[in-house]
2 protein chains.
Amino acid sequence: MTRKTLVGAAQLGPIARNESRTQVVARMLELMREARARGCDTIAFPELALTTFFPRWYVEDQAEIDSWFEREMPSPATLPLFEEAKKLGIGFYLGYAELAEEADGTHRYNTAILVDKTGVIIGKYRKVHLPGHREHEPWRAFQHLEKRYFERGNLGFGAWRAHVGECEVILGMALCNDRRWPETYRVLGLQGVEMAFIGYNTPIHYPPVPEHDHLQGFHNHLVLQAGAYQNGMWIVGIAKAGKEEGCDLLGQSCIIAPTGEIVAMCSTVEDELITASCDLDRCRELKDNVFNFGLHREPETYRLIVDTKGPVLPA
Amino acid sequence: MTRKTLVGAAQLGPIARNESRTQVVARMLELMREARARGCDTIAFPELALTTFFPRWYVEDQAEIDSWFEREMPSPATLPLFEEAKKLGIGFYLGYAELAEEADGTHRYNTAILVDKTGVIIGKYRKVHLPGHREHEPWRAFQHLEKRYFERGNLGFGAWRAHVGECEVILGMALCNDRRWPETYRVLGLQGVEMAFIGYNTPIHYPPVPEHDHLQGFHNHLVLQAGAYQNGMWIVGIAKAGKEEGCDLLGQSCIIAPTGEIVAMCSTVEDELITASCDLDRCRELKDNVFNFGLHREPETYRLIVDTKGPVLPA
């Protein structure tokens, strides 16, 4: 029996600052229903999918910042996603800003969850690689204050066995800037991940090095494709795209085979669903051969990767 | 003052089984002189550049195997390379099979060296990621017996400060299959490498998964480009190319910018020189920003990369 599953990447176009959760969820429900109609077992939404990408603004009022966070999941506004998933029998991946009241205080994370086709949350990931900066940098047209508004994720890079369609599959998650770091994919790959979901909000303008702006699309695909190939996994990259509050966000959401080939890609910067039939057994073509880790990896030579954070230059 | 250096990638076409070292060195000297005439400070040759790619054959006679190895470097046959380099004032990177008589016995490595423009060896690397298999597999049209003929390199992934042209630069080396492993580039990148040389012999036919044969060129560039971008370094990939003793080897030698862009590429599968002017300061565009390791890496979450060789699947 083949282990094929149909997956959908649900790119979202811009979300306005004053757009309500209910309005956004209505857009997502429409994409979810379309995905199910097209036969998808799973639908993946972007990072911070429920609001505008608020780290572009420096805000001092904590109450205003917290208005972009979710205190519970599902909440009244997001419950319809879970109910529709259960009704349709479709799983989903969703990114959102999480405000967690815990014993040691209040924490804020850039979070993603996996929800199975019965509407139950089966996995949670909190973003590890927070990009951008901590302090207000007025010279930028747009801020990128993820390091200010979020704590670094404290759950590591997990992997989850899940029933998807007719298959059992090992799933992984990451978010946005995580995708630029080969360590992300490798820690997932070492847990046997067969399909990873990576939502992103990527401004096309990168203020520190604007001469790279025209390379945003190339870099996005380069790292996703290399990560897929080097670990023999399917990767679903899902953008929040388009001109959002004056800031252009990259689209080009894509589904990538374990060979590194892009098998589906969005061609708009609006709400758009792409789908692909993913044969999970194709991961073995890589995992059992050129990237047979047990046979070919040489971890003794990799120690520097964990022994240092920054560079250690030769004398 | 800009830190620009002109580098040449000297692809070699096929080397016949009965071609002597002297004949091969003569081809290399011609490329070296061309490189100098075109203004190169450095020329890079392929992996195992002095002989045919002998791991394609299963040979039992150790003396015959050893005939493909170098017992000294330089040797009478390879000394002209060092002399010409000194005379022209050009550095080089060279891959060869090394037979090392050491206190604890005889060792054989797949080795590369860096030679400066005075003809002095300044760095040595012994290949870490040996691909292929150890035992004879008669079902293959060609063997890939690197795991049989070589020991795993015991020098790790080094980095060397070198004077190249008018610049001081941090150089790194790897060989062939190393380039498929993101750990290779990361260990180099963590030592501040600004330019890495990677020679290769890559059969287009991969017997375990022949349905990927048409992707060899794509995979070659994908991993080199991702490694360059994710570590902000120039990468020079140098092929032994063409139909060698009936086996087709990939060409597409290339020079890749720290942005991941291919800035020069061979268009034959013969002896061919490509050159590029490399501004070493452009590494900073990546190393100081999106890949500022000290600011953005999160090694505590990477432990699995060194704690396990093979996969550790979720329960």
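Just so it is clear, the structure is predicted and the values come from calculations on it, not from any experiment.

Each value, and the rule that gives it
- Position labels on residues start from 1 in each chain and follow its written sequence.
- Ligands are numbered from 1 and chains lettered from A, in the order in which they are written.
- Under the rules for a predicted model, residues below a pLDDT of 70 receive no local features and side-chain atom pairs below 80 are neither given nor counted, while totals for whole chains, interfaces and linings still include all residues.
- Hydrogens and water are ignored here; the side-chain numbers use all heavy atoms of the structure.
- Three labels apply to residues, based on accessible area from a 1.4 Å probe with only protein chains included: buried if under 20% of the type maximum, exposed if over 50%, partly exposed otherwise in between.
- Strands here mean DSSP runs of E at least two residues long; helices mean DSSP runs of H or I at least four residues long; both are numbered from the N terminus.
- Working definition: the arc comes from the directions between the helix axis and the C-beta atoms, pointing outward to the latter.
- Note on definitions: a residue-residue contact is assigned when non-hydrogen atoms from the two residues lie within 4.5 Å.
- Superposition of the copies used a least-squares fit over C-alpha atoms from residues whose pLDDT is at least 70 in both.
- Helix axes are fitted only over the stretch in contact, all axes being lines through C-alpha atoms; the angle between N-to-C directions runs from 0 to 180 degrees.
- Here the word oblique covers every angle except those under 35 degrees (roughly parallel), over 145 (roughly antiparallel) and from 65 to 115 (roughly perpendicular).
- Here a crossing is taken to be left-handed if its near helix is turned anticlockwise relative to the far helix by less than a right angle, and right-handed if that turn runs clockwise.
- For the purpose of charge, His is not counted, nor are the chain termini; Lys and Arg are scored as positive and Asp and Glu as negative.
- A pair is scored as a salt bridge if a Lys or Arg side-chain nitrogen falls within 4 Å of a carboxyl oxygen belonging to Asp or Glu.
- Stacked, edge-to-face and tilted labels apply to pairs of Phe, Tyr and Trp rings (six-membered ring for Trp) whose centres lie within 6.5 Å, assigned for plane angles under 30 degrees, over 60, and everything in between, in that order.
- Both a distance and an angle decide whether a charge sits over a ring: NZ of Lys or CZ of Arg must be within 6 Å of the ring centre and within 35 degrees of the ring normal.

Some points on helix α3 (residues 79-88) of chain B
All names here are of chain B.
Then comes step 1: Within α3 the residues assigned to the buried category are Leu81, Phe82, Glu84 and Ala85. Seen from one end, α3 has its buried residues packed into an arc of 165°, which puts them on one side. Turned more than 90 degrees off the buried face of α3, the exposed positions are Lys86 and Lys87.
Then comes step 2: In this fold, the buried residues of α3 make contact with α1 (21-37), β3 (91-102), β4 (105-115) and β5 (121-126).
Then comes step 3: Trailing α3 by a residue or two, glycine 89 shows a phi angle of about 70°, which is positive.

Focus on the relation of the copies chain A and chain B
Then comes step 1: When chain A is fitted onto chain B, the two copies agree to an RMSD of 0.0 Å after a turn of 180° and an axial shift of 0.0 Å. Both chain copies can therefore be described as sitting about a two-fold axis.
Then comes step 2: In this assembly, 100% of the residues forming the interface of chain A have copies in chain B that are likewise at the interface, indicating an isologous arrangement.

What about the packing of helix α5 (residues 182-189) of chain B against helix α6 (residues 216-231) of chain B?
For any two helices packed against each other, the geometry is given by the interaxial angle and the distance between the axes.
All names here are of chain B.
Then comes step 1: The interhelical angle for the contact between α5 and α6, taken along N-to-C directions, is 30°, at an axis separation of 9 Å. With respect to α6, the element α5 is oriented roughly parallel. Note that α5 runs across α6; the crossing there is right-handed. Within the contact between the two elements, α5 uses Tyr185, Arg186 and Gly189 and α6 uses Val223, Leu224, Gly227, Gln230 and Asn231.

Considering the side chain of B:Asp116
All names here are of chain B.
Then comes step 1: Within the element layout of this structure, aspartate 116 appears in the loop between β4 and β5.
Then comes step 2: One buried charged side chain, aspartate 116, makes no salt bridge at all; its nearest oppositely charged neighbour is lysine 117, positioned 8.5 Å away.
Then comes step 3: Each residue touching aspartate 116, except ones within four places of it in the same chain, is listed here: Ile90, Gly91 and Ile122.

Considering unusual backbone geometry
Residue and element names in this part refer to chain A.
Then comes step 1: In this structure, the amide linkage connecting methionine 73 to the following residue, proline 74, adopts the cis form with an omega of 0°.
Then comes step 2: Looking at where proline 74 falls in the secondary structure, it is placed in the loop between α2 (62-66) and α3 (79-88).
Then comes step 3: Positive phi is not limited to glycine here, since cysteine 176 has a value of about 50°.
Then comes step 4: As for its placement among the helices and strands, cysteine 176 is situated in the loop between β7 (167-175) and α5 (182-189).
Then comes step 5: Judged by relative accessible area, cysteine 176 falls into the buried class, the value being 5%.

As for the pattern of salt bridges
Residue and element names in this part refer to chain A.
Then comes step 1: Tallying each qualifying case throughout the model produces 60 salt bridges over all chains.
Then comes step 2: Between glutamate 194 and arginine 3 there is a salt bridge whose closest N-O contact spans 3.0 Å. With glutamate 194 in the loop between α5 and β8 (195-201) and arginine 3 in the segment before β1 (4-11), the pair connects residues that are 191 residues apart, well separated along the chain.
Then comes step 3: For glutamate 194, a relative accessible area of 7% gives the class buried.

Quick notes on the packing of aromatic side chains
Then comes step 1: A full pass over the atoms with the stated rule returns 26 aromatic pairs over all chains.
Then comes step 2: On the numbers, 5.2 Å between centres and 75° between planes, the contact of A:Trp181 with B:Phe291 is edge-to-face. Here the residue A:Trp181 occupies a position in the loop between β7 and α5, and B:Phe291 occupies one in the loop between α7 (283-287) and α8 (293-296), the pair thus bridging two chains.
Then comes step 3: Accessibility expressed as a relative area gives 1% for B:Phe291, which makes it buried.
Then comes step 4: Seen from their ring centres, A:Tyr229 and A:Phe291 are 4.9 Å apart, and the 85° between their planes marks the pair as edge-to-face. Here the residue A:Tyr229 occupies a position in helix α6 (residues 216-231), and A:Phe291 occupies one in the loop between α7 (283-287) and α8 (293-296), the gap between them amounting to 62 residues. Each member of the pair, A:Tyr229 together with A:Phe291, is buried.
Then comes step 5: A network of ring pairs unites the aromatic residues A:Phe54, A:Trp57, A:Trp68, A:Phe69, A:Tyr149 and A:Phe150 as a single cluster.
Then comes step 6: The positively charged end of B:Arg297 is found above the aromatic ring belonging to B:Phe293, 5.7 Å away from the centroid.

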